[in-house]
Amino acid sequence: MAIIEMLSWWYAHGWNVFIKKNRHTLSNIVDFFSMNSLIRTLFKPFRQISAETASADSSLDLKMHMFLDRLISRFIGFFSRLFLLIAGTFIIIIGAICSLALIILWPLVPFIPIAGIILTVTGVVL
Amino acid sequence: MSSTFNSHNPRVKKAHQKHTLNTPIIIVLNFIIFITLLGGGITLLFFKYPLGWTLIGFSVIPLMMVFWIKSDLSEIPVKPSDDFTDLLSESLLLLLNENTTPAELVKILAKTPGGMFIMVRFGLTIPVFEQLTNYLPASVEPIYNTAKAIREKTNSTEITGATLTVATIENLPSFEQLLNQFKLNISDLYQGIDWFNYLNGLAKDSKKPIHSGGIARDLAFGYTPTLQHFAINLSDRYTGASHKVQQAENAEIIQKMIHTFTHGGRQNVALVGAYGSGRSTIVKNFAETLMDADSKIPNNLKFRQLYSLDAPSLISAAKDQGELEYLMIRIMNEIYSAKNIILCLDNAHLFFEEGPGSIDITNLLVPILEAGNIRMILIMDDQRFLEISAKNPALANSLNKIVVNPSNQEETIKILMDQVPYFEHQKNVVYTYRALTEAYRLSEQYIHDIEMPGKAKLLLESAAAHSENGLVTAESVQTAVEKTYGVKVKVADSDQDREKLLNLEQLIHERMIDQEEAVSAMANALRRAAAGVKNQSRPIGTFLFLGPTGVGKTELAKTLSEVYFKGESNIIRLDMNEFVSASDVSRLIRDGASDALSLTAQVMKQPFSVVLLDEIEKAHPSVLTTLLQVLDEGILRDEKNREISFRDCIIIATSNAGANTIRDKITAGAKINDFKDEIVDNLITSGEFKPEFLNRFDEICLFKPLSKEDLIQVLDLIIASTNRTLEPQKITVTLSPEAKQILIEQGYDPKMGARPMRRIVQKTVENIVASAILSGSAEAGSTLTITPSEINIT
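Bear in mind that the values here come from a model prediction, so they are computed numbers and not experimental data. (Residues numbered from 1 in each chain as written. Chains lettered and ligands numbered in written order. Predicted model: local features only at pLDDT ≥ 70, side-chain atom pairs only at ≥ 80, totals over all residues.)

Colleague: Would you mind going over the overall build of chain B in detail, with residue names and values included?
Modeller: A count of helices and strands for chain B gives 37 helices and 19 strands. In terms of C-alpha radius of gyration, chain B reaches 37 Å, well past the compact-globule figure of 28 Å for 794 residues. Here the C-alpha coordinates of chain B stretch approximately 135 × 80 × 60 Å along the principal axes. Expressed as a percentage of the 794 residues in chain B, the buried residues total 40%. (Helix = DSSP H or I, 4+ residues; strand = E, 2+ residues; numbered from the N terminus. Rg over C-alpha atoms; globule rule 2.2 N^0.38 Å. Buried ≥ 20, exposed ≤ 12 C-beta atoms within 10 Å, placed from the backbone.)

Colleague: Before we move on, can you summarise the interface of chain A and chain B with the specific residues and values?
Modeller: At the interface, 40 residues of chain A touch 35 residues of chain B. Of all the secondary-structure elements, those providing two or more residues to the side of chain A that touches chain B are helix 1 (2-32), helix 2 (35-40), helix 3 (60-105) and helix 4 (112-122) of chain A. Considering every element that reaches the side of chain A that touches chain B, the biggest residue donor is helix 1 of chain A, with eleven residues. Looking at the side of chain A that touches chain B residue by residue, the class counts come to 21 nonpolar, twelve polar and seven charged. (Contact = placed C-beta atoms within 7 Å. Nonpolar A, V, L, I, M, F, W, Y, C, P; charged D, E, K, R; others polar.)

Colleague: Now, about the packing of helix 7 (residues 113-121) of chain B against helix 12 (residues 186-205) of chain B: what can you tell me, with residues and values included?
Modeller: Residue and element names in this part refer to chain B. Where helix 7 meets helix 12, the closest approach of the two axes is 10 Å, and the angle between their N-to-C directions is 130°. Here helix 12 runs oblique to helix 7, going by the angle between their axes. For the pair helix 7 and helix 12, the crossing hand works out as right-handed. The residues of helix 12 that touch helix 7, namely those facing Gly 114, Phe 117, Ile 118 and Arg 121, are Leu 189, Gly 192 and Phe 196. Across the contact of helix 7 with helix 12, the residue classes tally to four nonpolar, two polar and one charged. (Axes fitted to C-alpha atoms, helices over the stretch in contact; angles between N-to-C directions. Parallel < 35°, antiparallel > 145°, perpendicular 65-115°, else oblique. Left-handed = near helix turned anticlockwise from the far one by under 90°.)

Colleague: Summarise the environment of Ser 609 of chain B; cite the residues concerned and give the values.
Modeller: All names here are of chain B. Looking at the secondary structure, you find Ser 609 in the loop between helix 30 (599-605) and strand 13 (610-614). Here Ser 609 falls in the buried class, since 23 other C-beta atoms lie within 10 Å of it. Taking the C-alpha atoms as reference points, Ser 609 and Gly 486, 123 residues apart in sequence, are found 9.3 Å from one another. Sequence-distant contacts of Ser 609, defined by excluding residues within four places in its chain, comprise Phe 565, Asn 570, Ile 571, Ile 572 and Cys 649.

Colleague: Let's hear about the domain arrangement of chain B: which residues, and what values?
Modeller: All names here are of chain B. Parsing chain B into structural domains produces domain 1 (23-72), domain 2 (85-205), domain 3 (225-403), domain 4 (415-485), domain 5 (495-702) and domain 6 (708-790). Measuring from the centre of the C-alpha atoms in domain 4 to the corresponding centre in domain 5 gives 33 Å. Contacts between the two partners involve five residues from domain 4 and, on the opposite side, six residues from domain 5. Classifying every residue of the side of domain 4 that touches domain 5 gives two nonpolar, two polar and one charged. (Domains from an automatic or database assignment.)

Colleague: Give a description of the sheet that holds strand 1 (residues 231-233) of chain B that names residues and reports values.
Modeller: Residues and elements named next belong to chain B. The strand order across the open sheet formed by six strands is 1-3-4-7-2-8, and the pairing between neighbours is mixed. Lying at the two open borders of the sheet, with one neighbouring strand each, are strand 1 and strand 8 (401-403). Within this sheet the neighbouring strands show an average axis-to-axis angle of 25°, counted without direction. Where helix 15 (residues 279-291) meets the sheet, its contacts fall on strand 2 (268-272), strand 3 (305-309), strand 4 (341-345) and strand 7 (375-380), and the angle it forms with strand 7 comes to roughly 155°. (Pairing = 2+ DSSP bridges.)

Colleague: Can you explain helix 27 (residues 516-530) of chain B? Please cite residues and give values.
Modeller: Residue and element names in this part refer to chain B. In this model helix 27 runs 21 Å from its N-terminal to its C-terminal C-alpha over 15 residues, within 8% of the 21 Å that 1.5 Å per residue would give. Every buried residue belonging to helix 27 is among Ala 518, Val 519, Met 522, Ala 523, Ala 525, Leu 526, Ala 529 and Ala 530, and all of these are buried. The buried residues of helix 27 occupy an angular sector of 155° when the element is viewed end-on, so they sit on one face. Positioned one or two residues after helix 27, Gly 532 has a phi angle of 75°, which is positive. (Expected span 1.5 Å × (residues − 1). Arc of directions from axis to C-beta.)

Colleague: Tell me about the packing of helix 6 (residues 102-109) of chain B against helix 10 (residues 161-170) of chain B, and please be specific about residues and values.
Modeller: Residues and elements named next belong to chain B. Where helix 6 meets helix 10, the axes come as close as 10 Å, and the angle between the chain directions of the two elements is 140°. Classified by the interaxial angle, the pair formed by helix 6 and helix 10 is oblique. Considering only the axes of helix 6 and helix 10, their crossing is left-handed. Within the contact between the two elements, helix 6 uses Leu 105, Val 106 and Leu 109 and helix 10 uses Gly 161, Leu 164, Thr 165 and Thr 168. The class makeup of the residues in the contact of helix 6 with helix 10 is four nonpolar, three polar and no charged.

Colleague: With reference to specific residues and values, describe the pairing of strand 16 (residues 650-655) of chain B.
Modeller: Residue and element names in this part refer to chain B. Burial runs high along strand 16: six of the six residues are buried. A two-sided burial pattern is seen for strand 16, the buried positions comprising Ile 650, Ile 652 and Thr 654 on one face and Ile 651, Ala 653 and Ser 655 on the other. Pairing of strand 11 (residues 541-546) with strand 16, which is carried by six bridges, proceeds in the parallel orientation. Looking at strand 16, one finds that Thr 542 is bridged to Ile 651. Two strands pair when backbone bridges link them, and strand 13 and strand 16 are joined in this way by four bridges, in the parallel orientation. Bridge pairing in strand 16 links Val 610 to Ile 650.

Colleague: Which residues make up unusual backbone geometry, and what values go with them?
Modeller: Residue and element names in this part refer to chain B. Put simply, Met 452 and Pro 453 share a cis peptide bond, and its omega is 5°. Its place among the elements puts Pro 453 in the loop between helix 22 (433-446) and helix 23 (454-463). Backbone geometry at Asn 469 places phi at a positive 55°, although glycine is not the residue there. Relative to the elements of secondary structure, Asn 469 occurs in the loop between helix 23 and strand 10 (471-472). The class for Asn 469 is exposed, based on 6 C-beta atoms found within 10 Å.

Colleague: Now, about the sheet that holds strand 11 of chain B: what can you tell me, with residues and values included?
Modeller: All names here are of chain B. The strand order 12-13-16-11-17 describes an open sheet built from five strands, whose pairing is parallel. Strand pairing shows two members of the sheet lacking a second neighbour, strand 12 (571-575) and strand 17 (699-702), which therefore form its edges. Here the strands of the sheet are splayed against their neighbours by 20° on average, with no regard to which way each runs. In this structure, strand 11 lies alongside strand 17, joined through four bridges in parallel fashion.

Okay, structure coming up:
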């Protein structure tokens, strides 16, 4: 009886629940990689390593030094964020594809035992 | 719609399925089957057996089962309908059936978490319910109807065991009377349902995923090594648990803080409020709001971290002012560079004044506060803020002041309900609802240095040490107050206490002769207090004793202290002839640290005592005016503006004013009650006391002069007292009737009362006894009978 209950749920609410769970998983991945923050702060200095700014009366030498420091910090920040963005995007895309595939395959899952029987009957071996 | 239980409802079936299938054993069993089938299938395929495909195919069934159990059977939500079964909580769906009787229902409720919650938290135990089953309606339908109505009233999503328990109580014919016995009313039980729902909600919330920014959250923000050394990161403690219980006002304050920090201008907030009013809780909630990725706040404030600067560690790390300023500048630079720090200065006054544990760096902080480049939160109390404003107006003007008010009763109880699970976890106890309400009531009455909700929390926490079998009840809270503050708050419940109170006059008369009116007035006041019927906003009793000297006015105060206030040491005696000038008012209210003998300091130390204001007529009018509030409201503010409570004191003022008139009237044969009004009128017309002062006393008692008959009893008491002194030497003194008569003749002085008699006894009896002991004629176990021949009065 439990099997019948389960199967009727599988094709009714189950599919919907599965879609929601996948959506939550994807949203958790997005949160883990802080995609929003990464895009918003893409060009910001890494860890504010050179946040100090030269005052108007500082020497040109110091101003250049600060500017270079800041530029390097921004470069480090940009590349580290870009790396995370790419990695995150890649994982999110993989996750999304897998989720989509699983969602599409969802109604076919209960037929896997039948497929197994058919493969046995046809005598397929590895 | 029907208010009957329908066992064919799909929710009932699902609840039973969940109960059977959603168990660790079934889940583990499914995984074992899955692994076995999959492993077996792969093995068979490895050995070229096509049957392996069938096993692999069937291995998905246990996986599907687990997914179904964990998704569809994890919770059984209520259906938005009016049907009783659709609204029931899971535990009730499992336990109820169509034939449940009210008596069975009571037993079922005791098995549900909600039912147990109400029974334990409100002290309505199972035996109490079982006794009441005979009075319940014949069928459960009215109870179910009431439960539906309660669900709507309390805005609950489902009918839980708690709802049904309260509904059962409400269906008793005289439930109000029953609740009165437990000092409860029906709205308390509704609060109990809210409390249960809240805790249930917290448990569900704890399972929700936390979104707190991810791995790249802090990449754009700088390092702060020095700050981390000298400050505590309040944002680190973010757990994701939502704080539903929040004073409406506090939520408003958090919104104001968000507004301040996201708009231009001075980027600081000064939270000004009394200690205990919840300033730190506001900061904590603010920190959590900033760390919650799902909160609706501007991006330029999201994930900003709150650090609370630890003033003592900073001060102890610096050798001198210069080094301290250097450290502060370094910290400020780090904060400025990091871009994601909000600095919190708890007890901010420590940074604006010189003293032990504090340092004045106003000159450093004011420019930073005015520039607004660093976000700061300053926490300080009203008084300190006023002091700082007076000392440094520029500093006060640079702050965005937000006032934090103490919580009211309803808010405090809700905050306590929120806190109780933490206390219970820490102290391994369970709090009843009445412990919470009692903590509010008694902390309001006895704790004056802290504000709500802090003082109620403090009391509730200390009550855990007085739990009975792990249950913290209203009595535990009362015991905590009695032990901590030395007052009596419990209604006399032991036989010994009751006996003492009922026979108080008799006990006092073991030391006092006559003066029935005063004795009975004081005994009645104490009985009212012990029975809990006294006005809580006034002292236990306020009395003015008028009469000649030596008639027992002071003695009565001492006796009362001895009999009821655990000894004569619990008497706070002020000789008012030491308060004859207006400047003496300050001596009444001086801080205990500078004058331990001031009235306020003594009452603060010993709130449950007799306050004796001897010879009140000699006090300066300003002193009497100061005392008006004490007599009226039982409150006096000391020089530090702390409210000192006199509400557990008996205040007795004595005066010889009108003594001559009293003596003359009594000698002329008049009764005290015949001329009492006349005496009071004379005191007012003669200007000795103002009417508003006399009017503040509960009773004005006239003491009559002692007669010769009274003096016989006084003599007996004095001899009894001498015998108590001689008790360790096992020597007893008695007087022959003739000797007694001589002493009375010699000791009687209508103007001086009993005092000459005491002197006479000292000169005669005590001298005779002393000689007998020294000469060896009085040995242990002997009785000395004093005869007229031995008495030699010079």
